[in-house]
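# Structural description and commentary
The primary structure of each chain is shown beneath.
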Amino acid sequence: MTQMLPTGLVASAVVSASSANLGPGFDSIGLALRLCDEITVETTDSGLVVEVEGEGADQVPLDQNHLVVRAVQRGLHAAGVSAAGLVVRCRNDIPHSRGLGSSAAAVVSGIAAVNGLVAQTDSTPLSESQLIQLASEFEGHPDNAAAAVLGGAVVSWIDHSGARAAYSAVPLRLHPDIRIFLAIPEERSLTAETRVLLPAQVSHEDARFNVSRTALLVVALTQRPDLLMAATEDVLHQPQRAPAMPASAEYLRLLRRHNTSATLSGAGPSVIALSTEPQLPPEAVEYGVANGFSITEMTAGDGVRWSPGVTVPG
């Protein structure tokens with residue numbers, strides 16, 4: 001039986017951006033980034049109010065179609081509770097449509113905030129595995145969602161043997177010598193638009209290539225960062241997406257020519273570089289600045305944090 005939450009409950013969640021694939025690990029490897037969104041949810045006696053500041057504030061619906069609101073409602077249903085009314089406040093720092101997991105962050109934050117609400121009642125909060133499952137159902141793949149829930153680097157997978165797809169993930173211990181550089185362009189790209197560029201079938205040779213590189217990527221991320229150049233090679237999605245984002249594709253080629261293991265971040269157009277060097281090659285920095293990329297060094301992000309009341313990101 002569904003329990004109606006009392007009015008006046010307040011909960012918040014802070015969630016990290018993420019980079020998926022990292023080259024060969026298509027829809028399976030993810031890395032949380034220390035770039036966060038924060039939401040606050042309050043139960044009221046009726047209606048819905050949605051407030052957004054920061055990234056995407058003038059581009060997202062301010063009604064029940066808002067992705068965070070949809071995620072909150074899904075989380076409430078999964079937790080066996082409901083709310084007569086809601087106020088949802090979003091403060092966004094994760095750029096939209098840049099391949100940085102903004103949609104996964106929205107979903108994870110909405111579902112996680114429900115935990116902060118039910119923690120103030122006698123209901124049981126959702127587990128990490130439930131958060132991954134519910135958020136991945138929105139996305140259709142678990143790489144970004146799992147990284148946003150668990151933080152750091154993750155390996156995720158899908159089990160189609162049951163009546164519904166089951167999404168799972170495990171964390172990886174990222175090698176301490178790996179430094180993360182993110183190049184975010186001004187241009188945007190939607191995953192749905194670039195995914196249609198991918199062929200429905202691939203050759204056995206290309207599949208074998210990516211399987212070997214994905215296995216090597218796990219080793220490189222955790223034990224042998226000297227193998228990152230080979231481990232981030234890909235033939236299944238980046239070459240196919242390159243024509244849709246020529247500046248990012250050229251930036252990728254430039255970085256790799258200078259022995260920097262760079263890949264598209266998710267579906268692009270952002271570019272992520274993993275290196276043990278203290279900085280990017282000067283030529284790469286010059287190209288990025290000249291072509292409208294914002295280049296930042298950052299660390300891996302934390303897993304989602306939720307709590308009753310209002311929190312301040314750490």
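Refer to the preceding data block for the structure.
In what follows, the accompanying structure is described. Everything quoted here is computed from the prediction, not taken from an experiment. (Residues numbered from 1 in each chain as written. Predicted model: local features only at pLDDT ≥ 70, side-chain atom pairs only at ≥ 80, totals over all residues. Heavy atoms only, no water.)

## With respect to the sheet that holds strand E12 (residues 294-298)
Within a beta sheet, neighbouring strands are joined by backbone hydrogen bonds and run either parallel or antiparallel to one another. The strand order across the open sheet formed by 4 strands is E10-E11-E9-E12, and the pairing between neighbours is antiparallel. Each edge of the sheet is formed by a strand with only one pairing partner; in this case those strands are strand E10 (261-264) and E12. Here the strands of the sheet are splayed against their neighbours by 20° on average, with no regard to which way each runs. In this sheet, E12 lies alongside strand E9 (residues 179-184) in antiparallel orientation, the contact comprising 5 bridges. Bridge pairing in E12 places Ala183 opposite Ile295. Lying on the sheet, helix H9 (residues 246-257) is in contact with E9, E10, strand E11 (271-275) and E12; it crosses E10 at an angle near 165°. (Pairing = 2+ DSSP bridges. Helix = DSSP H or I, 4+ residues; strand = E, 2+ residues; numbered from the N terminus. Axes fitted to C-alpha atoms, helices over the stretch in contact; angles between N-to-C directions. Contact = heavy atoms within 4.5 Å.)

## Some remarks on the pairing of E11
Of all 5 residues making up E11, 5 are buried, and the element is well covered by its neighbours. Neither face of E11 is exposed, since Val271, Ala273 and Ser275 on one face and Ile272 and Leu274 on the opposite face are all buried. Of the pairings in the sheet, the one linking E9 to E11 comprises 5 bridges and is antiparallel in character. Counted as the bridge partner of Ile180 is Leu274 from E11. Pairing analysis gives 4 bridges linking E10 to E11, with the strands arranged antiparallel. Bridged to Ala262 within E11 is Ala273. From the end of E10 to the start of E11, which pair antiparallel, there are 6 residues, and Gly266 there has a positive phi angle of about 60°. (Buried < 20%, exposed > 50% of the residue type's maximum accessible area, 1.4 Å probe, protein only.)

## Quick notes on the packing of aromatic side chains
Within a pair of aromatic rings, the relevant descriptors are the distance that separates the centres and the angle that separates the planes. Under the definition given, this model contains 2 aromatic pairs. Among the aromatic residues, those joined into a ring-pair cluster are Tyr251, Tyr287 and Phe293. It is Arg213 that lies over the ring of Phe209; its NZ or CZ is 4.1 Å from the centre. (Phe/Tyr/Trp six-rings, centres within 6.5 Å; stacked < 30°, edge-to-face > 60°. Lys NZ or Arg CZ within 6 Å of the ring centre and 35° of its normal.)

## Some remarks on the pattern of salt bridges
This structure, assessed with the given rule, holds 11 salt bridges. The salt bridge partner of Glu42 is Arg89, with a shortest N-O separation of 3.7 Å. Of this pair, Glu42 sits in strand E3 (residues 25-44) while Arg89 sits in strand E6 (residues 85-92), placing them 47 residues apart in sequence. Exposure remark for Glu42: the relative accessible area of 25% places this residue in the partly exposed category. Classification of Arg89 as partly exposed rests on a relative accessible area of 35%. Between Arg224 and Asp226 there is a salt bridge; the shortest N-O distance is 2.8 Å. When salt bridges with common partners are traced through the structure, they connect Glu42, Glu51 and Arg89 into a single cluster. (Salt bridge = Lys/Arg side-chain N within 4 Å of Asp/Glu carboxyl O.)

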